[in-house]
Amino acid sequence: MASLPTGRAGGGRLHRRLGVARRTPEPRPAYSRPVLLAILVIAGVLFAWDIQHSAFHAFYSETARSMSESWHAFLFGSFDPGGSITIDKLPGFLWPQALSARIFGFHPWALTLPQVIEGVLSVAVLYRAVRRWAGENAALLAAAAFALTPAIAGLFRTEVEDPAFTLCVLLAGDATLRAARGARLRPLLAAGVWVGLSFQAKMLEAWAVLPALGLLYVLSAPTVLRRRLAHLAAAGAVCVAVSASWVLLVTFTPAKDRPYIDGTTNNSAVSQVVGYNFLNRFSSVSVSAKDTGSVAVSTMAGTAPAPPTGHSRPTAGQWVKMFAPSLVSQIGWLYPAAALAAVCGVVWRRGRPRTDPLRAGFVLWGVWLVTYFLVFSAGAVGGHTYYMGVVAVPLAALFGAGMVQFWRAWVRGGRARAWALPTVVVTTVAWSAVIAELFPTYLPWLAPAAVVLGAGGLGLLAWGRRGTRTHTRPASGDGSSVAPGSPAGPGSASRLGTASASGPDSGSGGDAGRRRTAVLGLVTALVAMLLPSAAWASSVLDPTYGHSGMGSTGPVAIRHRTAAHHPATHRAPSADPSDGTAGRTDGSSSHAPRHPETSDGTAHETARKTAHKTSDETSLSPAQRQLLAYTRAHQDGATYLFATTSWRVASPYILHAGAAVLPMGGFTGTAPSPTASGFRDLVATGQLRYVVLGGPATTPGRAIGPWVRAHCERVPGQAYQLYRCTPESAAADRSGSETPTPTPTPTP
């Protein structure tokens, strides 16, 4: 590790007053690079396995295609090529996917590739951050634990927001650790930039990491408080500026020059970020998005609306949702190890100088973990297991550093702290067995194998303890008189993998054998703790469990796929949405998860069966191809090929043909896009000539459907309710009043 810079004259004296020791670069053990390379290769295999059979993601893939074909759509995140309405989130996470589609062509694997790259980079950045904080061996353990987390193995195979978000917050954490070491402003400003970029992927969820980053810097940066606060203020300003950049761009762009902002009733990016994508998520704790300009429902078009935000009642069960089988099996295998590491990491180093970087790091990861634990407990998570990527980061970091400090305490001997290593092994293995037993028919050997390995590791550790016990006089804090990160610190090769002994018999063959036995016991115990998580993560190598749009693995992936809906199939409608009925044409049930990433069942299976095909019009049904050919032949210069009453009806034409189809109502079907008068203006000015009625009911569809039936001519010979509207028919009605837009009645 590089020596700390002194900055201005006298900086070295300031560092000495604050108890910060200069450090020499830490030599890497010979095994470090090969082990790191192996971890990165394993991560790459898990993330990229069977990538050629990746499936399109309902809603996001259509947006990525639209963004790949128009820089205007790219900038604003337009769902449709015609630029009528945006996606219901900020588009930053889709920019890499759209660029990949521009480079490689629009294929499912081209949309997955950026997430694979983001995943491998995330493993590498976590390794670098933990190495800077706690040393080499802690970094290797953290990287391995992160890559082998089931939620991570599934996350970086999906087209959702969290891969880019996880990478950006990791880069922010790494930059803050670097800044806190030497009270350096530049890396702290970089951290503000990374949090701002993560905001473009996940909006206000990105700011939940700020308490952990700010606390790290204010507690440990080696400079006076006034300067620490000034640095944080500057970094905060950068963070806000980068975070707000897209929102400000949209706000100051005239509405006529950009798409409508989905998820809102007032066409405001602020409403989309604050109301629709933030406050709406906390209705379970009686938070309301009323009067924020957000739409009043939070479910996919064509499904029963959720209760209006703020009308739900908090329940005790929501505060333990992170321990529910569907989430704990994806993220929670190392809960006991991380919790014990965080507590011991802070308590064992009490009395150290304020600037102690090792203790500060435990504070960083501990606060990070607790913050997101509470956010997800209070917020709407449902089956969105890919949300857990940001939780896997501190879990892995705490596991890596915690195991190193527990091993050091075991080697050092004494009853005060030696209990921690066997305790963490027992609790973690037992907890893993409990999780495995929640799914008794899946890998039934897993729990017994973990228990046997854990018991064997403990036995070897106990047998070899005398040979590893040192007689070095411990100092205050964690029992080490050396600084973390130094050659003899917690990350050095002598602390994990070999045990140093300074007693008079340290050179005897018997003690050397016991030391090797203890190291073998430690390795066995580590395998026992990581095996269950790794086994679940490896399920992505099996086509049965791979390519879950939820980012889940193992039987949870099957459960999500079975319960999913079929969002984009366009059959001949059995009911017209203009008559006030649901008019579902997809066979979906009356309840749906909040976002279409849950709708990966039939769509994903179909995509797997036809993955050898390119994304072209051959993926459309004959009836859909007939409709597409007819409207193209008779487009007559119109901006839009035709309009549909729902994005779910428009989806296959955008996805497989890149057609400029105008969808109504946005994701939820309740966004007023277009209004009845706006729709008539499109017809009157020749921008729109054809309308397809039917499909899932939407608010604009209910308002516009009767007008289309009354003023437009139905086209014969089509399987769908295709109507041709002329400017004359709209002009004759423009003097009439606008049909009021009904407000949907929430289903209790």
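If you're wondering where the values come from, they're calculated on a predicted model, not measured in any experiment.

Secondary structure assignment for the protein chain yields 29 helices and five strands. Among the 748 residues that make up the protein chain, the fraction classed as buried is 61%. Element-wise, carbon and sulfur atoms account for 63% of the exposed surface of the protein chain, whose accessible area totals about 27,000 Å².

This part covers the packing of helix H3 (residues 60-69) against helix H5 (residues 95-104). Axis separation between H3 and H5 bottoms out at 8 Å; the angle between their running directions is 60°. On the basis of the axis angle, H3 is oblique to H5. Between H3 and H5 lies a crossing of right-handed hand. Residues Ala64, Met67, Ser68 and Glu69 of H3 lie in contact with H5, whose contacting residues are Trp95, Ala98, Ala101 and Arg102.

Here we take up the packing of aromatic side chains. This model, assessed by the stated rule, comprises 33 aromatic pairs. Ring centres 5.4 Å apart and planes at 70° place the aromatic pair Tyr335 and Phe373 in the edge-to-face group. One end of the pair, Tyr335, is in helix H16 (residues 335-347); the other, Phe373, is in helix H17 (residues 357-378), with 38 residues separating them in the sequence. The residues Tyr335 and Phe373 share a single accessibility class, namely buried. Their ring planes at 75° and their centres at 5.0 Å tell us that Tyr442 and Trp536 sit as a pair that is edge-to-face.

Atomic detail in the predicted coordinates should be set aside for any region of low pLDDT. Within the protein chain, residue pLDDT values average 82, and 77% of them lie at 70 or more. Overall, residues 736-748 carries pLDDT values under 50, and its contacts beyond four positions in sequence, including any with other chains, amount to 24 contacts.

All right, on to the pattern of salt bridges then. Considering all chains together, one arrives at twelve salt bridges under this definition. A salt bridge links Asp174 to Arg128; the shortest N-O distance between them is 2.6 Å. Of this pair, Asp174 sits in helix H9 (residues 162-182) while Arg128 sits in helix H6 (residues 108-134), placing them 46 residues apart in sequence. The exposure class assigned to Asp174 is buried, which follows from its relative accessible area of 1%. Judged by relative accessible area, Arg128 falls into the partly exposed class, the value being 40%. Lys202 is paired through a salt bridge with Glu205; the nearest N and O atoms lie 4.0 Å apart.

What follows is about the state of the cysteines. Taken as a whole, this structure holds one disulfide when the rule is applied. Here Cys712 connects covalently by a disulfide to Cys725, the sulfurs 2.0 Å from one another. Across the disulfide from Cys712 to Cys725, rotation about the S-S bond amounts to roughly 105°, and the bridge is consequently right-handed. Here the residue Cys712 occupies a position in the loop between helix H28 (699-711) and strand S4 (713-714), and Cys725 occupies one in the loop between strand S5 (721-724) and helix H29 (727-731), the gap between them amounting to 13 residues. By relative accessible area, Cys712 is classed as buried at 9%. The exposure class of Cys725 is buried, given its relative accessible area of 0%.

It is worth spelling out H17 at this point. Taking 1.5 Å as the rise per residue, H17 with 22 residues should run 32 Å; its terminal C-alpha atoms sit 32 Å apart, in good agreement. With respect to burial, H17 is a largely interior element, 18 of its 22 residues being buried.

Further remarks concern helix H7 (residues 136-147). With twelve residues, H7 should cover 16 Å at 1.5 Å per step; its first-to-last C-alpha distance of 17 Å lies within 8% of that length. Among the twelve residues in H7, twelve count as buried, and that is most of the element. Listed as buried for H7 are Glu136, Asn137, Ala138, Ala139, Leu140, Leu141, Ala142, Ala143, Ala144, Ala145, Phe146 and Ala147.

Structurally, Ala537 is set in helix H22 (residues 509-537). Note on Ala537: relative accessible area 1%, which makes it buried. When the C-alpha atoms of Ala537 and Leu46 are compared, they prove to be 7.8 Å apart, with 491 residues separating the residues in sequence. Setting aside its immediate chain neighbours within four residues, Ala537 contacts Leu46, Leu148, Thr149, Pro150 and Ala153.

The next subject is the side chain of His547. Checked against the element boundaries, His547 lands in the loop between H22 and helix H23 (554-562). Residue classification places His547 among the buried positions, given a relative accessible area of 7%. At a separation of 3.0 Å, a polar atom in the side chain of His547 contacts the main-chain carbonyl oxygen of Asp50.

Where H16 meets helix H18 (residues 389-412), the closest approach of the two axes is 8 Å, and the angle between their N-to-C directions is 65°. Considering the relative orientation of H16 and H18, their crossing is left-handed. Only Leu395, Leu398, Phe399, Gly402, Gln405 and Phe406 of H18 make contact with H16, whose side of the interface consists of Tyr335, Ala337, Ala338, Leu340, Ala341, Ala342, Cys344 and Gly345. When its residues are assigned to classes, the contact of H16 with H18 shows eleven nonpolar, three polar and no charged.

This brings us to the pairing of S5. The sheet contact formed by strand S3 (residues 690-693) and S5 spans four bridges and is antiparallel. Following the sheet pairing, Tyr690 is matched in S5 by Arg724. Sheet analysis places S4 next to S5, joined by two bridges and oriented antiparallel. When the sheet's bridge partners are listed, Glu713 is paired in S5 with Arg724. Joining the antiparallel neighbours S4 and S5 is a turn of six residues, in which Gly717 adopts a positive phi near 80°.

Once that is clear, we can look at a nonpolar patch on the surface. A cluster of nonpolar residues, Leu37, Val41, Val45, Trp49 and Leu541, forms a patch on the protein surface that exposes about 430 Å² of accessible area. Position of Val41 among the secondary structure elements: in helix H2 (residues 32-48).

One open sheet holds the five strands; their spatial order is S2-S1-S3-S5-S4, and the pairing between them is mixed. Two strands lie at the open edges of the sheet, namely strand S2 (661-662) and S4, each paired on one side alone. On top of the sheet, H28 reaches S3, S4 and S5; it is set at about 120° to S3, its chief contact.

Here the bond from Ser673 into Pro674 is cis, since omega is -5°, no more than 30 degrees from zero. Note that Pro674 resides in the loop between S2 and helix H27 (676-684). For Asn267, which is not a glycine, the phi torsion comes out positive at approximately 60°. Positionally, Asn267 belongs in the loop between helix H13 (245-251) and helix H14 (269-276).

Quick look at the side chain of Ser220 now. Of note, Ser220 is situated in helix H11 (residues 210-220). Take Ser220: its relative accessible area is 3%, and that puts it in the buried class. Here Leu216 takes part through its backbone oxygen, which lies 2.7 Å from a polar atom of the side chain of Ser220. Excluding residues that lie within four positions of it along the chain, Ser220 makes contacts with Ala180, Arg354, Thr355 and Ala360.

In this section: the environment of Val425. Along the chain, Val425 falls in helix H20 (residues 420-437). When the C-alpha positions of Val425 and Leu458 are compared, they lie 7.8 Å apart, and in sequence the two are 33 residues distant. Beyond its immediate sequence surroundings of up to four residues, Val425 is in contact with Gly454, Leu458, Ala525 and Met529.

Parameters at a glance
Residues numbered from 1 in each chain as written. Predicted model: local features only at pLDDT ≥ 70, side-chain atom pairs only at ≥ 80, totals over all residues. Heavy atoms only, no water. Helix = DSSP H or I, 4+ residues; strand = E, 2+ residues; numbered from the N terminus. Buried < 20%, exposed > 50% of the residue type's maximum accessible area, 1.4 Å probe, protein only. Areas by Shrake-Rupley, 256 points an atom, 1.4 Å probe, with all protein chains shown as cover. Axes fitted to C-alpha atoms, helices over the stretch in contact; angles between N-to-C directions. Parallel < 35°, antiparallel > 145°, perpendicular 65-115°, else oblique. Left-handed = near helix turned anticlockwise from the far one by under 90°. Contact = heavy atoms within 4.5 Å. Phe/Tyr/Trp six-rings, centres within 6.5 Å; stacked < 30°, edge-to-face > 60°. pLDDT = per-residue confidence, 0-100. Salt bridge = Lys/Arg side-chain N within 4 Å of Asp/Glu carboxyl O. Disulfide = S-S within 2.5 Å. Expected span 1.5 Å × (residues − 1). Polar contact = N/O pair within 3.5 Å; in protein donor to acceptor, adjacent residues only side chain to side chain. Nonpolar A, V, L, I, M, F, W, Y, C, P; charged D, E, K, R; others polar. Pairing = 2+ DSSP bridges. Patch = residues over 30% accessible without salt bridge, like charges linked within 9 Å, V, L, I, M, F, W, Y side chains within 5 Å.

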